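This is what each chain is made of:
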Amino acid sequence: MLDFSKNYFELFGLPVGYIIDVDKLAERFRELQRVVHPDRYANAPDHERRLSMQGATRINEAYQTLKDPIRRAHYLLSLHGIDSDVEKETTRDTDFLMEQLELREQLEAARHQPDPYAAINALVSDINQRITSLVGQMALQFESATPEQLEDAREILRKMQFLQKFRHDADALEAELDESLQ
Amino acid sequence: MALLQLSEPGQSTAPHQHRLAAGIDLGTTNSLVASVRSGRAVTLPDSEGRHLLPSVVRYTGDGVQVGYEARAAAATDPLNTIVSVKRLIGRSVDEIKSLGSRLPYRFVDSGSSVPRIQTVAGAVSPVEVSAEILKALARRAGESLGGELEGVVITVPAYFDDAQRQATKDAARLAGLRVLRLLNEPTAAAVAYGLDSESEGVHAIYDLGGGTFDISILRLNKGVFEVLATGGDSALGGDDFDRVVAEWMMQQAGIRDDADHAMLRRLMREACAAKEALTEAASTGIRLELEDGTHWQGTLTREQFDRLVEPLIRKTLGPCRRALRDAGLGPEEIRDVVMVGGSTRVPLVRELVGGFFRTEPLVEIDPDRVVAIGAAIQADILVGNKPDEEMLLLDVNPLSLGIETMGGLVEKIIPRNTTIPVARAQEFTTFKDGQTAMAIHVLQGERELVSDCRSLARFELRGIPPMVAGAARIQVTFSVDADGLLNVEAREESTGVKASIEVKPSYGLSDSEIEGMLRDSIDHAADDMVARRLREQQVEAQRVIEALQGALAEDGDRLLDAAERQQVEQALARLQAVAGGDDADRIKREIEALEKACEFYVERRMNASVREAMSGRSVEDFE
């Protein structure tokens, strides 16, 4: 069975680090699922099928974690012994918070725009750019990962979560608009 | 005289045992069965050369009719003739009522949450009705392939929820079929297309059937079909097109809403015929027999028809937009759109969908057969006929899964469009001092309020030691298997008190109800049950033996030392000694003993294949 003591990076045979080769990750994900997935064991005895399901579940989880820059940051911090409740923390960077407040207001106003979808899209691409820039900053922190840098990484992660929440709310607003069309 | 054995160059001369397997498209309006014969997946016709089997079941005083015969009687015997049962499966009586008030059945108040329809042959549940259709298809496949099926892949709409999937699996069990996999219909269609053309990239599958709509976005890469997102509406389809046309006819012909069942059936039939005619023609004449025996005549033009159905088609674009968003893609990133389901023959559907995805829809494979063909390809692989096949399907769960928290809110545990199989855990705590039990309410859906989501199951975790509020740590784990079926487990961490359920949906049949139906059904009289159980164990034993022999031949020398090998072979010999016997319990025990004896070997094999997969890649990386 898959060695559960291996961390997600080792599972995919990738170096532990924030910068990740996504193509290679996707390729190895497929290679692994090809040998472990329950469909490979459709005719196998129950015990093998259970093992295969556990293995495939773990590979899926590892892949989803490493693929997503925010979950990857969380995971890396936990590998560095910081099992923080970052989810429940919030940044104290007032400039950042002010900016967020403005973006929120724009999102709320988007629903009344002549083309609300376009307005939401514009906001979301702005948010995506901000996330990309934070991803760059995050990568720097993990290069040598000193305690100070890990503390900074934690702060960057708090901001990323903020932006992600925004993206989520933008999706919800779009879904709401879709429904009102029907 | 010995016959000469011919073999293809490069193929093994060892007689390869071909296992019989089939793909079944259990549709709302029509069903099909397909199988791989001489390397090609084909749908199997009945003795009269017809491939489609109308999904219609009629109960009569002396038997059950399925298919054309039943459909022909739908207008004259509406109460005993069940059409579009797929719309009812896995649903509660209340939900069915909200689907449309014009269902011409008499529902029995059975006290059970599973609806039952009163017929001359007694009350039947949608699961039993579906099982009749499956039996008819399996019979057809058995006759056409010359043997009993070892396994089937049954397709379901991607958007089917847990209750509907579970009910479909129950129907298969009732029909005596072994389900290799429940496969999402759009994924099956992609398989049918994807293997013919080596088209790598992102595809959209637009599947508008008789009663359900599905959209799937998937990426095909080196034989792996990875579903990125899926969405849809499990109560929208071609039947609704018929309904709006029928309503238009009622208005035009001055037919009252309380017309009798036979009248309603005639209306639906004429509406459907008009819809089909308008695929080619610009207008079509309608002649309808009224209740008083006179006729109404009218004309429906394509323009008028388009006006009637356009709102319904537009309704499908919302889920398309959402699926793209979930996949993180724009319409321009979709390489092509595959059209599936009879309703995609409607020209306006092709036009609007093509416009939305900005590409000409693909319609090369018969949209009625494409799903069954894909299912057959997958069944052939899963049953073990193609050990070297590289194809793999990675599906997602279509709807978010969560549990009820304080204030009637839903806390999501597994969000929609997560690749399956998946397991996620979340911790909860008690909110009162000394609380010793916790109710767990499992829900499916995207909305925040419990009342807006589908209730899947409720259970209770008892025996929590009394602690102050907030001190208990209750871990709730959701796991979804490769068929998309959910299992929930709750456990108090500090004491290990545990409760788990396989989610038998609030609207599903219990195991004992199914056992009861199996016992009651005429084909499974009492001693039949015993024979059947024995047969099942014998087949299972054979499968286990073959799997192990294959494994030993492949890598037994490499992975086992002499003592280990001897140990495995002894257990194998013990099973072989009883496998052909008539003691089902004994066979079962020996199977379990063998599995236990081989546990370490199985793990070693899986590890070896994982290592191999990884090392193969690393070598390539050095090049």
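Fair warning: this is a prediction, and the values are worked out from it, not measured in the lab.

Enquirer: Help me understand the overall build of chain A, please; the structure alone is not making it clear to me.
Expert: Counting its regular elements, chain A contains 7 helices and 0 strands. When the helices and strands of chain A are placed in sequence order, the string is α-α-α-α-α-α-α. Its C-alpha radius of gyration of 20 Å places chain A more than 25% over the 16 Å reference for a compact globule of 182 residues. With respect to the principal axes defined by its C-alpha atoms, chain A has extents near 60 × 50 × 30 Å. In chain A, which comprises 182 residues, the share counted as buried stands at 51%. Considering only contacts in chain A between residues 6 or more positions apart, those separated by 24 or more positions represent 67%.

Enquirer: Honestly, the interface of chain B and chain A in this entry has me stumped. Any pointers?
Expert: Reports often express the size of an interface as the amount of accessible area lost when the parts come together. Between chain B and chain A, the residue contacts involve 50 residues of the former and 46 residues of the latter. Buried surface at the junction of chain B and chain A, both sides included, amounts to about 4,200 Å², of which 53% is carbon and sulfur. Broken down residue by residue, the surface that chain B buries against chain A is led by B:Arg325, B:Pro421 and B:Met606, which jointly contribute 16%. On the surface where chain B and chain A come into contact, there are 4 salt bridges. One salt bridge in this structure joins B:Arg424 and A:Glu61, with 3.0 Å as the shortest N-O distance. One can count 12 residue pairs in polar contact (both at pLDDT 80 or more) joining chain B with chain A. Sorting the residues of the side of chain B that touches chain A by element identifies β15 (224-233), α8 (302-327), α10 (370-382), β19 (392-394), β22 (422-428), α12 (526-559) and α14 (584-622) of chain B as the ones contributing at least two each. Here the residues of the side of chain B that touches chain A sort into 20 nonpolar, 9 polar and 21 charged.

Enquirer: I'm lost on helix α5 (residues 94-110) of chain A in this one. Help?
Expert: Structurally, the α-helix is built with 3.6 residues per turn, so residues lying three or four positions apart point the same way. All names here are of chain A. End to end, α5 covers 24 Å across 17 residues, agreeing with the expected 24 Å (1.5 Å per residue, within 8%). Residues of α5 that are buried include every one of Phe96, Gln100, Leu103, Leu107 and Ala110, and no others. Take α5 and look down its axis: the buried residues cluster within an arc of 70°, on one side only. For α5, exposure combined with an orientation more than 90 degrees from the buried face picks out Thr94, Asp95 and Glu105.

Enquirer: Just checking my understanding: could you explain the pairing of strand β18 (residues 336-340) of chain B for this structure?
Expert: Two faces make up the sheet, and in a regular strand the side chains alternate between them. Here β18(B) lies mainly inside the structure; 5 of its 5 residues are buried. Side chains B:Asp336, B:Val338 and B:Val340 of β18(B) all project onto a buried face; the interleaved residues B:Val337 and B:Met339 project onto the opposite face, where all are buried too.

Enquirer: Sorry, what's going on with the packing of helix α5 (residues 185-194) of chain B against α10(B) here?
Expert: The relative placement of two packed helices is expressed as an angle between their axes plus a distance between the axes. Residues and elements named next belong to chain B. Contact pair α5 / α10: the axes reach a minimum separation of 7 Å and the direction vectors enclose 80°. With respect to α10, the axis of α5 lies roughly perpendicular. Each of Glu185, Ala188, Ala189, Val191, Ala192 and Tyr193 in α5 lies in contact with α10, whose residues at this interface are Val370, Val371, Ile373, Gly374, Ala375 and Ile377. Here the residues of the contact of α5 with α10 are counted per class, giving 10 nonpolar, 1 polar and 1 charged.

Enquirer: Explain the sheet that holds strand β21 (residues 409-414) of chain B to me, please; I cannot follow it from the model alone.
Expert: Working definition: the strands of a sheet are paired by backbone hydrogen bonds and lie parallel or antiparallel to each other. Residue and element names in this part refer to chain B. An order of β21-β20-β23-β24 is seen for the 4 strands of this open sheet, with the pairing classed as antiparallel. Both outer strands of the open sheet, β21 and β24 (454-461), are each paired with one neighbouring strand and no more. When strand polarity is set aside, the average angle formed by the axes of neighbouring strands in this sheet is 30°. Two elements, strand β20 (residues 401-405) and β21, share 5 bridges in a ladder whose sense is antiparallel. Bridge assignment links Glu404 to a residue of β21, and that residue is Val410.

Enquirer: How should the packing of α8(B) against helix α9 (residues 347-357) of chain B be read in this particular structure?
Expert: Residue and element names in this part refer to chain B. Where α8 meets α9, the axes come as close as 9 Å, and the angle between the chain directions of the two elements is 35°. Our pair here, α8 against α9, has a crossing hand that is right-handed. Residues Arg302, Asp306, Val309, Glu310, Ile313, Arg314, Leu317, Cys320, Arg321 and Leu324 of α8 touch α9, and the partners they reach there are Pro347, Leu348, Val349, Leu352, Phe356 and Phe357. Here the contact of α8 with α9 is composed, by residue class, of 11 nonpolar, no polar and 5 charged.

Enquirer: Would you take a moment to explain the packing of aromatic side chains for this structure?
Expert: Taken as a whole and assessed by the stated rule, the structure comprises 8 aromatic pairs over all chains. Each ring, one from B:Tyr206 and one from B:Phe213, has its centre 4.9 Å from the other, and the planes form 55°; the classification is tilted. Since its relative accessible area comes to 0%, B:Tyr206 is described here as buried. In textbook terms, an aromatic cluster arises when at least three aromatic residues are bridged by ring pairs, as seen for A:Tyr8, A:Phe9 and A:Tyr75. The ring of A:Tyr18 has A:Arg72 lying over it, and the distance from NZ or CZ to the ring centre is 4.6 Å. Its end group placed over the ring of A:Tyr117, B:Arg321 keeps NZ or CZ at 5.1 Å from the ring centre.

The rules behind these values
Residues numbered from 1 in each chain as written. Chains lettered and ligands numbered in written order. Predicted model: local features only at pLDDT ≥ 70, side-chain atom pairs only at ≥ 80, totals over all residues. Heavy atoms only, no water. Helix = DSSP H or I, 4+ residues; strand = E, 2+ residues; numbered from the N terminus. Rg over C-alpha atoms; globule rule 2.2 N^0.38 Å. Buried < 20%, exposed > 50% of the residue type's maximum accessible area, 1.4 Å probe, protein only. Contact = heavy atoms within 4.5 Å. Buried area = accessible area lost by both parts, 1.4 Å probe. Salt bridge = Lys/Arg side-chain N within 4 Å of Asp/Glu carboxyl O. Polar contact = N/O pair within 3.5 Å; in protein donor to acceptor, adjacent residues only side chain to side chain. Nonpolar A, V, L, I, M, F, W, Y, C, P; charged D, E, K, R; others polar. Expected span 1.5 Å × (residues − 1). Arc of directions from axis to C-beta. Axes fitted to C-alpha atoms, helices over the stretch in contact; angles between N-to-C directions. Parallel < 35°, antiparallel > 145°, perpendicular 65-115°, else oblique. Pairing = 2+ DSSP bridges. Left-handed = near helix turned anticlockwise from the far one by under 90°. Phe/Tyr/Trp six-rings, centres within 6.5 Å; stacked < 30°, edge-to-face > 60°. Lys NZ or Arg CZ within 6 Å of the ring centre and 35° of its normal.

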